[in-house]
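This is what each chain is made of:
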Amino acid sequence: MAAIYQAAYRRASSLICRLHSTYVRKMRYLNELKEDDSLCRQAQTSGTFYLFHNLSPFLQKVGEKYFVPQLSAAGALEKSVVESELKGSFTYLQKALFVVDGKDSSLLASAQSLLQWHNSHQYCSKTGQPTQRNISGSKRVCHASGITYYPQISPVIITLVSDGSRCLLARQPSFPQGMYSALSGFCDMGENVEEAVHREVAEEVGLEVESLWYSSSQHWPFPSSCLMIACHAIVRAQQAEISMNKLELEEARWFGLEEIVEGLKREPRSSKQDDGSFLPWFPPKQAIAHQLICEWVKQQTSQLA
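Note that the coordinates shown come from a computational prediction; the quantities given were computed from them, not determined experimentally.

Novice: What's the story with the packing of aromatic side chains in this structure? I'm lost.
Specialist: The description of an aromatic ring pair uses the distance of the two centres, along with the angle that the planes make with each other. Counted under the stated rule, the structure contains 5 aromatic pairs. Aromatic side chains Phe 98 and Trp 220 sit 6.1 Å apart centroid to centroid with 45 degrees between the ring planes, which places their arrangement in the tilted category. Placement of the pair is Phe 98 in the loop between α5 (93–96) and α6 (102–120) and Trp 220 in strand β11 (residues 211–220), with a sequence separation of 122 residues. On the accessibility criterion, Phe 98 (29% relative accessible area) is partly exposed. Relative to Phe 255, the ring of Tyr 180 has its centre 5.2 Å away and its plane inclined at 70 degrees; by these criteria the two rings are edge-to-face. Placement of the pair is Tyr 180 in the loop between β9 (167–171) and β10 (183–186) and Phe 255 in strand β13 (residues 251–255), with a sequence separation of 75 residues. For the pair shown, Tyr 180 and Phe 255 are each scored as buried. Here the aromatic residues Phe 98, Trp 220 and Phe 222 are joined through ring pairs into a cluster of three or more. In this arrangement the basic side chain of Arg 253 is found over the ring face of Tyr 180, its NZ or CZ atom lying 5.6 Å from the centre. Geometry around Phe 255 places Arg 253 over its ring, the cationic atom sitting 3.9 Å from the centre.

In structure tokens form, the structure reads like this:
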């Protein structure tokens with residue numbers, strides 16, 4: 001009986017600790033803000049805000065570093081007035097994500113995705129009538145049809161393919177000159193992650209995946225709000241001849257360990273050579289493709305040790 005009581009006491013104590021943890025309290029408070037308009041209005045009076053103009057966040061540069069100021073609500077202000085008074089500028093998100101720290105980068109991406117979703121969902125797809133957002137912006141409602149719309153995210157797989165001793169990287173026509181990255185593509189309706197990886201690798205480079213494993217995930221705001229699902233995939237070395245889909249890719253090729261290590265050290269602005277060509281460089285550390293490449297390097301290095 002004493003053992004049962006002690007076990008029940010430990011479970012109850014564990015539950016109480018979880019309910020009073022900083023993280024649990026924060027998540028429950030944020031969920032209340034989403035649904036309770038009056039609570040959200042109250043929070044806005046004392047909260048701080050990131051500023052955006054045409055989906056571009058406001059940044060301040062101090063020395064060589066960029067910061068995202070958190071400001072109190074001040075009503076509508078002219079763009080030029082804000083930039084002059086606060087000594088900063090509204091910066092394209094594609095640049096902002098790579099010059100601010102990780103915490104701000106994640107919040108800016110989430111904020112811009114939500115703003116972009118509201119811009120594109122101002123009318124009901126069934127009735128054509130205007131939709132109304134709640135105070136927090138967590139949903140939009142068409143009062144004519146009763147339909148509630150919630151922000152959506154599109155699943156995208158991003159896969160680093162290896163044949164055991166090399167990894168495969170590719171370029172899309174839209175990439176900056178010299179940049180190579182892992183293969184990626186949207187999941188089709190009805191697909192699971194594994195099926196999407198097999199299909200994308202076959203479609204883009206004509207290879208059959210033998211095995212794969214999950215690495216991690218990342219929210220990515222381009223081209224719209226996406227959930228990047230990162231995986232590693234293995235193909236047979238004996239069947240590693242690339243057959244590139246020229247409708248989707250500009251170039252795809254195998255890289256050895258030494259070339260990858262050198263590419264990770266290279267800055268985009270230093271990749272241009274005297275003859276006008278570009279040495280390979282890879283996505284910056286804030287991108288999940290960079291993480292995949294670093295994981296592959298670590299695996300290869302451990303095998304050589």
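Novice: Help me understand the sheet that holds strand β7 (residues 148–149) in this model?
Specialist: Backbone-to-backbone hydrogen bonds pair the strands of a sheet. The strands run either parallel or antiparallel. If you walk across this open sheet you meet the 3 strands as β5-β6-β7, and the pairing is antiparallel. On the outer flanks of this sheet lie β5 (132–133) and β7, each paired with one strand and no other. Inspection of the sheet shows β5 paired to strand β6 (residues 140–141) by 2 bridges, in the antiparallel sense. Bridge pairing links Arg 133 to Arg 140 in β6.

Novice: What is the right way to read the packing of helix α2 (residues 22–35) against helix α3 (residues 37–46) from this model?
Specialist: Direction vectors running N to C along α2 and α3 enclose 110 degrees, while the axes themselves pass 6 Å from each other. As judged from the angle between their axes, α2 and α3 are roughly perpendicular. Here Tyr 29, Glu 32, Leu 33 and Glu 35 of α2 lie close against α3, whose contacting residues are Asp 37, Leu 39, Cys 40 and Ala 43. Within the contact of α2 with α3, the residues separate by chemical class into 5 nonpolar, no polar and 3 charged.

The rules behind each value
- Residues numbered from 1 in each chain as written.
- Predicted model: local features only at pLDDT ≥ 70, side-chain atom pairs only at ≥ 80, totals over all residues.
- Heavy atoms only, no water.
- Phe/Tyr/Trp six-rings, centres within 6.5 Å; stacked < 30°, edge-to-face > 60°.
- Helix = DSSP H or I, 4+ residues; strand = E, 2+ residues; numbered from the N terminus.
- Buried < 20%, exposed > 50% of the residue type's maximum accessible area, 1.4 Å probe, protein only.
- Lys NZ or Arg CZ within 6 Å of the ring centre and 35° of its normal.
- Pairing = 2+ DSSP bridges.
- Axes fitted to C-alpha atoms, helices over the stretch in contact; angles between N-to-C directions.
- Parallel < 35°, antiparallel > 145°, perpendicular 65-115°, else oblique.
- Contact = heavy atoms within 4.5 Å.
- Nonpolar A, V, L, I, M, F, W, Y, C, P; charged D, E, K, R; others polar.

Coordinates in, geometry out; function isn't part of it.
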